[in-house]
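# Residue-level structure breakdown
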Amino acid sequence: MQPARFLPGPPAPRPERGIFSLGELTSETVHRLARRACDFHDDPKAGGRPLDGRTVGVLFTRTSTRTRTAFTAGAIKLGGTPVTFGPDDLQTNTGESLTDTGRVLGSMLDLLVARTSGPLHELRTLSGSGGIPVINAMATEEHPTQGICDLATISLVRGSLEGVRVLYVGEGNNTATALAQGLSHVPGCRVTFATPPGYGLPADVVEEAAKRGAEHGTELVESHSMDELPDQVDFVYTTRWQTTGTSKGDAHWRQTFRPFHVDEALMNRWPDAWFLHDLPAHRGDEVAAGVLDGERSVAWIQARMKLTSAMAALEWAAGTA
């Protein structure tokens, strides 16, 4: 009788691996990811082909221009073969569980990038049940690869991250959470989040990031008034008011958000400050066209850095496989 060449039954769950939140990574890793994104900006071939012979799943159940393109192109540039999935491609739409889906994907893929706009625990389930690294390309709670991009962009434009002064204006969404978690690893920063009343960052995120930041001499402050802004700012950052997959419960929310609009008058308070936006943008809502398309806007550099930050994340995650 020939010995069995397989083990019957489903594989046992394994520890989750990958990038889920910048708050879970070490400061060394966060800085490394930002540096590598800058390295890839300077030389797209800086990392060689660490994904050579590997298959990367790219699962996007929500619309995406920059992030989906960045990870698909990034996987190819690093030697990998991407397999892309849209919102209607997987059997989860017909009732298959995430655990069963993860088991199957893990048996065929080496790495998975996923944007779901669902809860973060779903990505942890895919990683643990599939036994593969998963990169959170956006979940309800946090958008960590955007945070890597933001840190890398600030470093590229300013020359360093240490001591940077950032003003974030707008909703305390998953991009704001990633910015708070990311900059809490950077020494000597001051980060101010000016958020509309009722639309601030989650309290646990503010507490966690502020506590970590204090260990590095970094201060994180949240205000719900545009009358309480810092005297010195290096970067003004805003995001689209109506973000992907979300809706506002208040029918009059635009009136609440209107004071939190970045226009030329606001930018002129800090003549040397640069402007950041994660895009897509709605000119006339969160930002004036003259700011987004003005000389001090680095939003288009930031958009290009999505590719190099994706490459940095893929390279790092591949090293954990």
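Please refer to the structure placed before this passage.
Described below are features of the structure shown in this document. Being a predicted model, the structure only gives us computed values, none of them experimental. (Residues numbered from 1 in each chain as written. Predicted model: local features only at pLDDT ≥ 70, side-chain atom pairs only at ≥ 80, totals over all residues. Heavy atoms only, no water.)

### Quick word on the sheet that holds strand E10 (residues 274-277)
In a beta sheet, neighbouring strands pair by backbone hydrogen bonds and run either parallel or antiparallel. Taking strand neighbours across the sheet as the criterion, the five strands line up as E8-E7-E6-E9-E10 in an open arrangement whose pairing is parallel. The open sheet has two free edges, formed respectively by strand E8 (219-223) and E10, since each of these has just one partner strand. Strand-to-strand twist in this sheet, taken as the mean axis angle between neighbours without regard to direction, amounts to 20°. The pairing of strand E9 (residues 235-238) with E10 spans four bridges and is parallel. Its bridge partner being in E10, Val-236 is matched across the sheet by Phe-275. (Pairing = 2+ DSSP bridges. Helix = DSSP H or I, 4+ residues; strand = E, 2+ residues; numbered from the N terminus. Axes fitted to C-alpha atoms, helices over the stretch in contact; angles between N-to-C directions.)

### As for the nonpolar core
Looking at soluble globular proteins, one finds that nonpolar side chains tend to be buried together. In this structure, Val-56, Phe-71, Val-113, Val-166, Leu-183, Phe-193 and Leu-314 are the most contacted members of the largest nonpolar core, which totals 55 residues. When residues in this core are grouped by element, the largest group, nine residues, is from helix H11 (residues 299-318). In terms of nonpolar packing, the next biggest core, distinct from the first, is built from 21 residues, Met-226, Trp-270, Ala-281 and Ala-288 among them. (Core = buried A, V, L, I, M, F, W, Y, C linked by side-chain atoms within 4.5 Å. Buried < 20%, exposed > 50% of the residue type's maximum accessible area, 1.4 Å probe, protein only.)

### Brief notes about the pairing of strand E4 (residues 111-115)
Counting buried positions over the five residues of E4 gives five, a clear majority of the element. Covered by surrounding structure in E4 are Leu-111, Val-113 and Arg-115 together with Leu-112 and Ala-114, the residues of both alternating faces. By the bridge criterion, five bridges tie strand E2 (residues 55-60) to E4 in an arrangement that is parallel. Bridge pairing in E4 places Gly-57 opposite Leu-112. Bridging between E4 and strand E5 (residues 133-138) involves four bridges; their strand directions are parallel.

### Concerning empty space enclosed by the protein
All chains considered together, the criterion is met by one cavity of 30 Å³ or more. If you add up the space inside the largest cavity, you get close to 50 Å³. In terms of lining residues, the largest cavity is bounded by Ala-180, Phe-193, Leu-201, Val-206, Leu-220, Val-221 and Glu-222. A breakdown of the residues in the lining of the largest cavity according to their chemical character gives six nonpolar, no polar and one charged. (1 Å grid on protein atoms, 1.4 Å probe; cavity = no way out; pocket = protein on both sides within 12 Å on 5 of 7 lines; lining within 4 Å. Points joined across faces, edges and corners; volume = space filled by probe spheres on them. Nonpolar A, V, L, I, M, F, W, Y, C, P; charged D, E, K, R; others polar.)

### A look at H11
End to end, H11 covers 28 Å across 20 residues, agreeing with the expected 28 Å (1.5 Å per residue, within 8%). If you look at H11, its biggest bend is around 30°, right at Met-305. Counting buried residues in H11 gives 15 out of 20 residues, a clear majority hidden from the surface. (Expected span 1.5 Å × (residues − 1). Bend = angle between axes of the 7 residues up to and from the residue.)

### Section: the pairing of strand E3 (residues 81-85)
Residues in a regular strand project their side chains so that they alternate between the two faces of the sheet. With five bridges joining them, E2 and E3 adopt parallel strand pairing. Directly across from Val-58, in E3, lies its bridge partner Thr-84. One crossover worth recording links E2 to the parallel E3 by way of helix H2 (residues 66-77), and it is right-handed. (Right-handed = clockwise from strand over helix to strand, strands pointing away.)

### Structural notes on the pattern of salt bridges
For the structure on display, the rule yields 13 salt bridges. In this structure, Asp-39 and Arg-36 form a salt bridge, with 3.1 Å as the shortest nitrogen-oxygen distance. With a gap of three residues between them, Asp-39 and Arg-36 both fall in helix H1 (residues 27-42), about one helical turn apart. Given the relative accessible area of 17%, Arg-36 is considered buried. Connected via shared salt-bridge partners are Glu-16, Glu-24 and Arg-124. (Salt bridge = Lys/Arg side-chain N within 4 Å of Asp/Glu carboxyl O.)

### Considerations on the sheet that holds E4
The strand order across the open sheet formed by five strands is E1-E5-E4-E2-E3, and the pairing between neighbours is parallel. Taken across any chain shown, the strands that pair with only one partner, and hence form the sheet edges, are strand E1 (17-19) and E3. If you compare each strand with its neighbour and ignore which way they point, the axes differ by 20° on average.

### Some points on the packing of aromatic side chains
As enumerated under the stated definition, the model contains six aromatic pairs in all. Plain terms: the ring middles of Tyr-168 and Tyr-237 are 5.7 Å apart, the flat faces sit at 65° to each other, and that makes the pair edge-to-face. Of this pair, Tyr-168 sits in strand E6 (residues 165-169) while Tyr-237 is found in strand E9, placing the two residues 69 residues apart along the sequence. Judged by its relative accessible area of 0%, Tyr-168 is buried. Judged by its relative accessible area of 0%, Tyr-237 falls in the buried class. With 6.4 Å between their ring centres and 85° between their planes, Trp-241 and Trp-253 make a pair best called edge-to-face. Residue Trp-241 is found in the loop between E9 and helix H8 (253-257), and its partner Trp-253 is found in helix H8; the two are separated by 12 residues along the sequence. (Phe/Tyr/Trp six-rings, centres within 6.5 Å; stacked < 30°, edge-to-face > 60°.)

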